[in-house]
Amino acid sequence: MPEVGRQLHREPAQIAQALQLLDLMLEHFADDGHWTRGRYDDGNGGHCLVGALLHLSRKHRLPRAPAIALLQDAMPRPGLPLVHFNDSCCGSVAELRSIILKARRLADDYAEQSRAAAAAKTWLLAQIGKKQTTPPADMADTAPDDPFAPERLAA
């Protein structure tokens with residue numbers, strides 16, 4: 001799992017906010033005319049990938065860092081900058097939407113991993129609690145009646 005993914009894995013609230021922002025981005029780019037290249041905002045409602053993310057995060061007061069991290073994790077090549085992808089690598093708005101959908105699936109995966117980790121932690125703590133509440137066995141009850149068998153020591 002990418003480093004950023006591990007950080008998001010521990011923050012369910014951030015994952016939820018990232019999902020919200022990614023959904024807003026999918027709505028924005030549902031209209032093919034809302035995608036542009038070479039600038040953040042074309043002045044007619046069109047935005048590039050980063051421009052839409054910045055605009056929608058401001059408008060809806062959602063943190064952008066978790067969504068940026070997920071989009072980075074969804075890039076076809078590790079470390080590919082979002083702006084470079086939008087302006088030079090992305091062939092269509094459909095491809096742009098597929099990256100946003102991939103980022104959304106990653107967020108869902110991280111959320112599921114977080115739920116599974118929380119469930120495992122709860123189970124382990126319950127097991128530890130059970131062992132701590134069980135009284136230790138009395139030494140006299142568990143000691144053998146004849147601790148030293150002479151025939152075994154004579155060898």
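Residues numbered from 1 in each chain as written. Predicted model: local features only at pLDDT ≥ 70, side-chain atom pairs only at ≥ 80, totals over all residues. Heavy atoms only, no water.

### Description of the overall build of the chain
Within the chain one finds 8 helices and 0 strands. Along the chain, from the amino end to the carboxyl end, the secondary structure elements read α-α-α-α-α-α-α-α. Evaluated residue by residue, the chain yields a buried proportion of 32% over its 155 residues. By sequence separation, contacts in the chain at least 24 residues apart represent 65% of the contacts at least 6 residues apart. In the structure as shown, the chain presents an accessible area of about 9900 Å², 55% of it carried by carbon and sulfur atoms. (Helix = DSSP H or I, 4+ residues; strand = E, 2+ residues; numbered from the N terminus. Buried < 20%, exposed > 50% of the residue type's maximum accessible area, 1.4 Å probe, protein only. Contact = heavy atoms within 4.5 Å. Areas by Shrake-Rupley, 256 points an atom, 1.4 Å probe, with all protein chains shown as cover.)

### Points about helix α4 (residues 65-74)
Within α4, 7 of the 10 residues are buried, leaving the element largely enclosed by the surrounding structure. P66, A67, A69, L70, L71, D73 and A74 are the residues of α4 that are buried.

### Observations regarding the environment of H60
The topology assignment puts H60 in the loop between α3 (49-59) and α4. By relative accessible area, which is 35% here, H60 ends up partly exposed. Each C-alpha atom, one on H60 and one on L24, is 9.2 Å from the other, the two residues being 36 residues apart in sequence.

### What to know about the pattern of salt bridges
Under the definition given, this model contains 4 salt bridges. Sharing partners across several salt bridges, the network here consists of D23, R104 and D108. (Salt bridge = Lys/Arg side-chain N within 4 Å of Asp/Glu carboxyl O.)

### Here's the deal with the environment of D23
Here D23 lies in helix α2 (residues 12-28). Residues D23 and R104, 81 residues apart in the sequence, show an inter-C-alpha distance of 8.0 Å.

### Let's talk about the state of the cysteines
A complete count under the given rule lists 0 disulfides for this structure. Take C89: it sits in no disulfide, and the sulfur closest to it among the cysteines is that of C90, at 8.5 Å. (Disulfide = S-S within 2.5 Å.)

### Some thoughts on the nonpolar core
The biggest cluster of nonpolar side chains holds 35 residues, and the ones touching the most others in it are M25, L49, L71, L96 and I100. Breaking this core down by element, the ones donating at least two residues are α2, α3, α4, α5 (82-89) and α6 (93-133). Counting residues per element, this core draws most heavily on α6, which supplies 9 residues. Excluding residues within four positions of it along the chain, M25 makes contact with L49, L53, L56, L71 and I100. (Core = buried A, V, L, I, M, F, W, Y, C linked by side-chain atoms within 4.5 Å.)

### A look at the confidence of the model for the chain
Per-chain confidence: the chain averages 86 in pLDDT, with 79% of residues scoring 70 or above. Of all secondary-structure elements in the chain, the lowest mean pLDDT belongs to helix α1 (residues 3-9), at 51, while α3 reaches the highest, 98. (pLDDT = per-residue confidence, 0-100.)

### So, α2
Helix length check: α2, at 17 residues, gives a terminal C-alpha distance of 24 Å against a target of 24 Å (1.5 Å per residue), a fit within 8%. Burial in α2 covers these residues: I15, A18, L19, L21, L22, L24, M25, L26 and H28. (Expected span 1.5 Å × (residues − 1).)

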